[in-house]
Structure formats: structure tokens, C-alpha cells
Amino acid sequence: MMRSIQLLSMCLICAAGASAALGQDGPAVTPEQIKQAEEVMKKTQEMGPWENNTQVIEEATDKIFEQQGWNSEADQFTRTIMRDISKIPPWEPVKRQEVFLDAFSERFGLTHDQRTQFGNDLQREGMTLTIKHFKDIIPVALDAAQTRAKQEPFTAEQVQEWSYRLKPLMDDGLDSIQRVSTRLEKTMTPGQRGKLRTGKASFIRRHRDVDKMMANRKAGKW
């Protein structure tokens with residue numbers, strides 16, 4: 001949960017500078033939203049050396065992958081990307097995006113034009129999601145960062161509240177991935193397309209498993 005909050009919050013900080021490059025259809029970002037998102041990152045930096053937080057995140061993520069049986073080749077590829085991105089602090093979003101795009105492009109053999117389109121589509125969808133769900137992302141992100149900064153464990157009540165707030169974001173996030181992948185598929189060769197569809201099926205399965213976990217959290221089971 002911390003990983004997705006950090007990535008989405010950083011997307012908002014970058015949105016103002018990127019919106020001009022994306023054109024008139026890019027989502028609007030207000031100065032107040034930028035200020036609040038920067039406050040989240042400030043609190044994240046107060047959590048201490050990032051490598052210490054990485055260890056906590058990685059141990060928790062490994063447990064989830066093991067418990068859910070996410071052990072297919074596509075699952076493990078995703079886990080490797082997550083591990084590589086986790087090493088980079090969330091206040092360095094450009095580096096994180098490059099690591100992801102490099103790995104994704106290599107796996108699916110993307111051309112320069114495909115990579116550019118894919119990166120722009122991801123950025124646009126990420127900004128749109130962040131702005132649409134801003135009122136829920138920011139309180140959750142601040143609460144999580146402040147708790148970790150105080151070196152306190154998350155409570156069942158916190159996780160229950162976060163699950164309620166972030167469920168709509170999860171649903172919209174799946175729709176975003178479907179749109180981005182569908183657009184990318186149109187530019188692909190049959191070989192690329194088949195590999196992408198296998199990866200997308202793996203992603204959807206993990207998404208459904210997370211959805212079930214969130215339903216349990218909403219019911220107070222943690």
C-alpha cells in the first residue's frame with residue numbers, strides 16, 4: 001500500500017511540468033494540490049534513510065507474493081521490477097519511471113516509438129487518476145508517512161480506513177491499465193501482442209487477489 005501511495009503522490013508533483021508537454025487534454029493541477037503532494041513527500045523523507053524503508057517494504061511484499069502464490073514467470077518479472085524501483089526514493093520519480101520503462105521495453109521488445117507512446121500514456125493516466133482521487137490519496141498518504149516516521153506499526157483501524165478510501169482508485173486503476181495496454185497492442189507485432197496479453201492476464205489475477213484482500217481489510221480482518 002505504501003508503494004502505490006508514494007508513486008501516485010509523486011505523479012501529482014510532476015503533473016504541472018508535464019501537462020504542457022501532454023497538451024490541452026492533460027489534467028489540470030492546482031497550486032494547492034502541488035503544495036499538499038509536496039507535503040506528503042516531505043513526510044516521506046522524514047521516515048529516515050530510504051534504504052531502511054525499502055527493507056520493510058520488500059519483506060512485506062515478498063510475504064504477500066508468497067502467501068498469494070504469485071510465482072509464475074510473469075509474476076516474478078513484476079516482482080523484479082518492483083524490487084528495482086523500490087531501491088529508488090519516491091521523491092525521484094523520473095528515475096523510477098525510467099527503470100520501469102527500461103525493463104518493460106526490454107521484455108516486450110518495444111521500439112522507440114512504442115516506448116514513447118507507452119510512457120506518455122502511463123503518465124497521462126497516472127496524473128488523471130491522482131487528480132481524480134486526490135481527496136482520498138493525500139489523507140491516506142500523510143497518515144501512512146506520519147505513522148512510519150514515528151516508527152509505529154499500522155493499526156487495523158488505519159488499514160480498514162485506507163481500504164475504504166482507496167477502493168475506487170483500485171477500480172479506476174484497472175481501467176487505466178486496460179486502456180493503455182489496448183492502445184499499445186494496436187502498434188504491436190503478433191509476438192509482442194501475445195506476450196503482453198499473458199502479462200496482462202497475470203496482472204488482472206493479482207489485481208483480483210488484492211481486491212479480495214482489501215475487502216477483508218474493509219471488514220476489519222487484518
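All figures in this text were calculated on a predicted structure; none of them were measured in a lab.

**Topic: the packing of helix H5 (residues 93-108) against helix H9 (residues 190-218)**
And step 1. Across the interface, H5 lies against H9 with an axial gap of 9 Å and an inter-helix angle of 125°. The angle between H5 and H9 places the two elements in the oblique class. Across from Phe104, Arg107 and Phe108 in H5, the residues of H9 making contact are Gln192, Lys195 and Leu196.
And step 2. Across the contact of H5 with H9, the residue classes tally to three nonpolar, one polar and two charged.

**Here we look at the packing of H5 against helix H6 (residues 112-132)**
And step 1. Put simply, H5 and H6 touch, their axes get as near as 11 Å, and they point 135° apart. The orientation of H5 relative to H6 falls into the category oblique. For H5 against H6, the interelement crossing comes out right-handed. Residues Gln97, Glu98, Phe100, Leu101, Asp102, Phe104 and Ser105 of H5 lie in contact with H6, whose contacting residues are Arg115, Phe118, Gly119, Leu122 and Gln123.
And step 2. Among the residues forming the contact of H5 with H6, the class breakdown is five nonpolar, four polar and three charged.

**Some thoughts on helix H4 (residues 73-86)**
And step 1. Given a rise of 1.5 Å per residue, 14 residues ought to cover 20 Å, and the 20 Å separating the end C-alpha atoms of H4 matches this to within 8%.
And step 2. For H4, the complete set of buried residues consists of Ala74, Asp75, Phe77, Arg79, Ile81, Ile85 and Ser86.

**Looking at the environment of tryptophan 91**
And step 1. Tracing the backbone through its elements, the reader meets tryptophan 91 in the loop between H4 and H5.
And step 2. Judged by its relative accessible area of 27%, tryptophan 91 falls in the partly exposed class.
And step 3. Residues tryptophan 91 and glutamine 45, 46 residues apart in the sequence, show an inter-C-alpha distance of 8.2 Å.

**A closer look at H6**
And step 1. Look at H6: 30 Å from first C-alpha to last across 21 residues, which is about the 30 Å you get at 1.5 Å a residue.
And step 2. Taken residue by residue, H6 has Gln114, Arg115, Gln117, Phe118, Gly119, Asp121, Glu125, Gly126, Met127, Leu129, Thr130 and Ile131 as its buried positions.

**Considerations on the packing of aromatic side chains**
And step 1. Counted under the stated rule, the structure contains six aromatic pairs.
And step 2. Ring geometry for phenylalanine 100 against phenylalanine 104: centres 5.7 Å apart, planes inclined by 35°, an arrangement best described as tilted. Remark: phenylalanine 104 and phenylalanine 100 occur in helix H5; sequence separation between them is four residues, near one turn of the helix.
And step 3. Looking at phenylalanine 100, the relative accessible area reads 25%, which means it is partly exposed.
And step 4. Ring geometry for phenylalanine 104 against phenylalanine 108: centres 4.5 Å apart, planes inclined by 45°, an arrangement best described as tilted.

**Overview of the confidence of the model for the protein**
And step 1. Taken residue by residue, the protein gives an average pLDDT of 84. The fraction at 70 or more is 86%.
And step 2. Within the protein, no element has a lower average pLDDT than helix H1 (residues 2-22), which sits at 44, and none a higher one than H4, at 94.
And step 3. Low pLDDT (under 50) marks residues 1-24, which in the prediction has 61 contacts with non-local residues, meaning those over four places away or in another chain.

Calculation rules
- Residues numbered from 1 in each chain as written.
- Predicted model: local features only at pLDDT ≥ 70, side-chain atom pairs only at ≥ 80, totals over all residues.
- Heavy atoms only, no water.
- Axes fitted to C-alpha atoms, helices over the stretch in contact; angles between N-to-C directions.
- Helix = DSSP H or I, 4+ residues; strand = E, 2+ residues; numbered from the N terminus.
- Parallel < 35°, antiparallel > 145°, perpendicular 65-115°, else oblique.
- Contact = heavy atoms within 4.5 Å.
- Nonpolar A, V, L, I, M, F, W, Y, C, P; charged D, E, K, R; others polar.
- Left-handed = near helix turned anticlockwise from the far one by under 90°.
- Expected span 1.5 Å × (residues − 1).
- Buried < 20%, exposed > 50% of the residue type's maximum accessible area, 1.4 Å probe, protein only.
- Phe/Tyr/Trp six-rings, centres within 6.5 Å; stacked < 30°, edge-to-face > 60°.
- pLDDT = per-residue confidence, 0-100.

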